[in-house]
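# Notes for the structure review
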Amino acid sequence: MAVLICTLFLFLFAAGEAVSTDPTLKTYIFRVDGESKPSIFPTHYHWYTSEFTESTSILHVYDTVFKGFSASVTSSQASALEKHPSVLAVFEDRRRQLHTTRSPQFVGLRNQRGLWSESDYGSDVIIGVFDTGIWPERRSFTDLNLGPVPKRWKGVCQTGVKFTARNCNRKIVGARFFAKGHEASGGFGGIGFGGTINDTVEFRSPRDADGHGTHTASTAAGRYVFKASMAGYASGIAKGVAPKARLAIYKVCWKSAGCFDSDILAAFDAAVNDGVDVISISIGGGDGISSPYYLDPIAIGAYGAVSRGVFVSSSAGNDGPNGMSVTNLAPWLTTVGAGTIDRNFPAEVILGDGRKLAGVSLYAGPSFSGKKYPLIYPGKSGILSASLCMENALDPNLVRGKIVICDRGSSPRVAKGLVVKKAGGVGMILSNGVSNGEGLVGDAHLIPACSVGSDEGDEIKAYAATGRATATINFQGTVIGIRPAPVVASFSGRGPNGMNPEILKPDLIAPGVNILAAWTDAVGPTGLDSDDRKMEFNILSGTSMSCPHVSGAAALLKSAHPDWSPAAIKSAIMTTASTVNKQLQPMTDESTGNATTPYDFGAGHLNLDLAMDPGLVYDLTNQDYVSFLCSIGYGAKTIQVITRSPAACPMRRKPVPENLNYPSIAALFSTGKKGVLRKTLIRRVKNVGDVNSVYNVKVEAPKGVSVAVRPGKLVFSDKVRELSYYVTVKMDGSSVMMGDSGAVFGSLSWVDGKHVVRSPIVVTQLDPM
């Protein structure tokens, strides 16, 4: 005891010394070895506040998915705490970004039959949504004819500004908000975001001031709403993927301020304790930059959830079509990219010389009615801010009374129209740059405006440069039956996986373009401060929209198969995904029109017609994930940061990362090796179909690669429910042509006459980072 007190005094003295030399406070997350708590402290909180930092510094104490705390301390104090023998890791709090009707039918759901019927529309499953909160009065969240709240639910309805206990019901079974990390970041000289919540634009409660959270929640689990539309666009019956599933709301993101890691981790802790079955998190890093798993609170929190049986769906990010732009890379996460559906909102630019160029728009105000106006491109001056139609960059004398061509980028698309309007312009044509290609998303513009692709934009600019150019815009409303569909959205995050190329990411794609879902009353459909329109529904695009489609899908599968693990649900979704469009042609890329690969769509597009009965599943245990972490070189202490338990990695035979029992297969060869290269991988499958089943293998080998599978037949019975097989990949490293993507692609399917259990195969020469 005397030694402990002496150590404690010296440690606090060292931390105290740090205060005087470095007065700037920042938020840090401390991962602590919970097993090393001295018995004299009744709780971990007592230990943290006695031995690590003052109680006033602590923001969150984590106890379920993570053991430790977050606190506002100086960098010197953080460095001193990092040396404490019980501290496993320290990382600075970071700000994350949100990855910002017909889609249930489009992914294969049908009334009164199939997965909707078999799962009772997900009625007893609870989906935790980590986002900007909820607008609970929307018709999408009524609890009419829902049964009682599942008895296992242990959560609360946290009240606050304009949010009372009555805002929760049998549909919204719980709601919480997390702001401590957000407030601490701005209050102590952080990065310029966060700080004290601005009560003029935000609610210190689970109420949604942004709209994003309401949209994602209703996409996953919105009830049937008749006569739904956004200002007449996409009219019909709105519904989520799991209409009877319950919602638990975790507000971790704040209007215009992002989402802080310390708050996200606290939400994971709470949600798992509360009893959610599925977590939907449309949040992640940007620019394709990903942290190692042990420094990524989304990866850490998700592991804690998945290890306790909670399925976690996450967005792939919106930095496509660039390669290696996918985010949320941990193998226990289900990472979802975005595709289009067969509905669009076309608008036509008609030039003075009679040419007609296709675009899209959700503009709902007075139209031009065919009248042509002078056309101008401010970018011809060579001034970048003018070409982008940035604030105060347009000369009213030049644009007044004209339709203005603006380049996409650097500011919100709808904000550019406001700049044009302030300068006296009558309309806007928003042109994609080369990086966006032909990928278009509809926007609820405040002036007559439409978006066009890069090629069309160049054509319009060339015409505008001829002098005396005129144009008009014809808004064509809602069109259904667009072909081809789905196509991979131009913005959708792409592979390869920049952390571990041995794990294919994204896992799959789902509808994420022009999705109609519920909206907040706090802002208009554009989200601009000047937009005071009130809309019950809004139409948005992003992997933020595709992620809750898979969250809802997981809820349906969990309801139909309560004993399935998160990995089994993920496998069912992936191995039944479709790699062709509705015209049965290979899926294409929205940005180029070219064929796509598994780096773009993962295992394929969500297809719930088949996922309820996949035949076989690739299951995973917590030990499988630990072996994977050992295989990528993580030591016992580093693994404990993620898993909470000390890990013993094998000393002699190091595991191989490609051997993780994943529903996709990636064979990675070093770039330095030439000649004939060979690698043998192992997988095991569990029969969840007919007891006595026989499956034969079908291989589509990547070009220039040979793939051998043994055994070639899997025979299941009441005594044999699981079987393993080996995949040997062989190629000549000096002759295989990898192409633009740096990889070649194929597939492996197990077929029994009823089921096709398909896994993509990726073969590449790439050295892990």
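With an unreviewed UniProt entry as reference, the chain is termed Subtilisin-like protease, source organism Lactuca virosa. Here the chain is described in UniProt, under the heading Subcellular location (unreviewed entry), as follows: "Secreted". Regarding the chain, the relevant UniProt record gives this comment under Sequence similarities (unreviewed entry): "Belongs to the peptidase S8 family."

### Brief notes about the overall build of the chain
Within the chain, the secondary structure is distributed over 19 helices and 37 strands. What you see for the chain is a C-alpha radius of gyration of 27 Å, in line with the 27 Å of a compact globule of 769 residues. Across the 769 residues in the chain, those meeting the buried criterion constitute 59%. Carbon and sulfur atoms make up 52% of the accessible area of the chain, which totals about 29,000 Å². Each charge sign in the chain was given a centre, from 76 positive and 65 negative side chains, and these centres are 4 Å apart.

### Comments concerning the sheet that holds strand 31 (residues 676–687)
Strand order in the open sheet formed by four strands is 29-31-35-33, and the pairing between neighbours is antiparallel. Of all strands in the sheet, those bounded by a partner on one side alone are strand 29 (616–617) and strand 33 (705–710). Sheet analysis places strand 31 next to strand 35 (residues 722–732), joined by 11 bridges and oriented antiparallel. In the strand pairing of strand 35, Arg684 is matched with Ser724.

### Comments concerning the nonpolar core
Ranked by size, the top nonpolar core spans 78 residues in total, and within it Ile127, Leu247, Leu375, Ile460 and Ile573 carry the most contacts. Ranked by residue count, the leading element in this core is helix 14 (residues 543–560), at seven residues. Filtering out sequence-adjacent residues up to four positions away, Leu247 remains in contact with Ile127, Val129, Ile134, Phe141, Lys171, Ile172, Val173, Gly174, Ala217 and Ala221. Counting 63 residues, the second-largest nonpolar core is a separate cluster that includes Ala89, Val276, Val326 and Met499.

### Some remarks on the environment of Phe177
Mapping Phe177 onto the fold places it in strand 7 (residues 172–177). Judged by relative accessible area, Phe177 falls into the buried class, the value being 15%. Taking the C-alpha atoms as reference points, Phe177 and Pro206, 29 residues apart in sequence, are found 5.3 Å from one another. Every residue in contact with Phe177, bar those within four places of it in the chain, is listed here: Gln158, Thr159, Arg204, Ser205, Pro206, Lys251 and Trp254.

### Regarding helix 14
Between its first and last C-alpha atoms helix 14 spans 26 Å; for 18 residues at 1.5 Å apiece the expected length is 26 Å, and the two agree. Summarising burial for helix 14: 16 of the 18 residues are buried, a large majority.

### A short note on the side chain of Ser759
Along the chain, Ser759 turns up in strand 37 (residues 756–765). Ser759 sits in the buried class, given a relative accessible area of 0%. A polar atom in the side chain of Ser759 sits 2.6 Å from the backbone oxygen of Pro663. Apart from the residues lying within four places of it in its own chain, the contact partners of Ser759 are Tyr618, Pro663, Ser664, Ile665, Gly746, Ser747 and Leu748.

### A few points about the UniProt feature "domain: Inhibitor I9" (unreviewed entry) in the chain
When the UniProt feature table is mapped onto this chain, "domain: Inhibitor I9" (unreviewed entry) is found at residues 27–99. Structurally, residues 27–99 is divided into 23% helix and 38% strand, and its ends, taken at the C-alpha atoms, are 24 Å apart.

### Brief notes about the state of the cysteines
Taken as a whole and judged by the stated rule, the model has four disulfides. For Cys253, the disulfide goes to Cys259, at an S-S distance of 2.1 Å. Measuring handedness by torsion sign, the sulfur bridge of Cys253 and Cys259 sits at about 100° and is right-handed. The buried category is assigned to Cys253, whose relative accessible area is 0%. Covalently, Cys630 is tied to Cys649 through a disulfide, its sulfur atoms 2.0 Å apart.

About the thresholds
Residues numbered from 1 in each chain as written. Predicted model: local features only at pLDDT ≥ 70, side-chain atom pairs only at ≥ 80, totals over all residues. Heavy atoms only, no water. UniProt positions renumbered as here; feature names shortened; annotations may be inferred. Helix = DSSP H or I, 4+ residues; strand = E, 2+ residues; numbered from the N terminus. Rg over C-alpha atoms; globule rule 2.2 N^0.38 Å. Buried < 20%, exposed > 50% of the residue type's maximum accessible area, 1.4 Å probe, protein only. Areas by Shrake-Rupley, 256 points an atom, 1.4 Å probe, with all protein chains shown as cover. Lys, Arg positive; Asp, Glu negative; His and termini not counted. Charge placed at Lys NZ, Arg CZ, Asp CG, Glu CD. Pairing = 2+ DSSP bridges. Core = buried A, V, L, I, M, F, W, Y, C linked by side-chain atoms within 4.5 Å. Contact = heavy atoms within 4.5 Å. Expected span 1.5 Å × (residues − 1). Polar contact = N/O pair within 3.5 Å; in protein donor to acceptor, adjacent residues only side chain to side chain. Disulfide = S-S within 2.5 Å.

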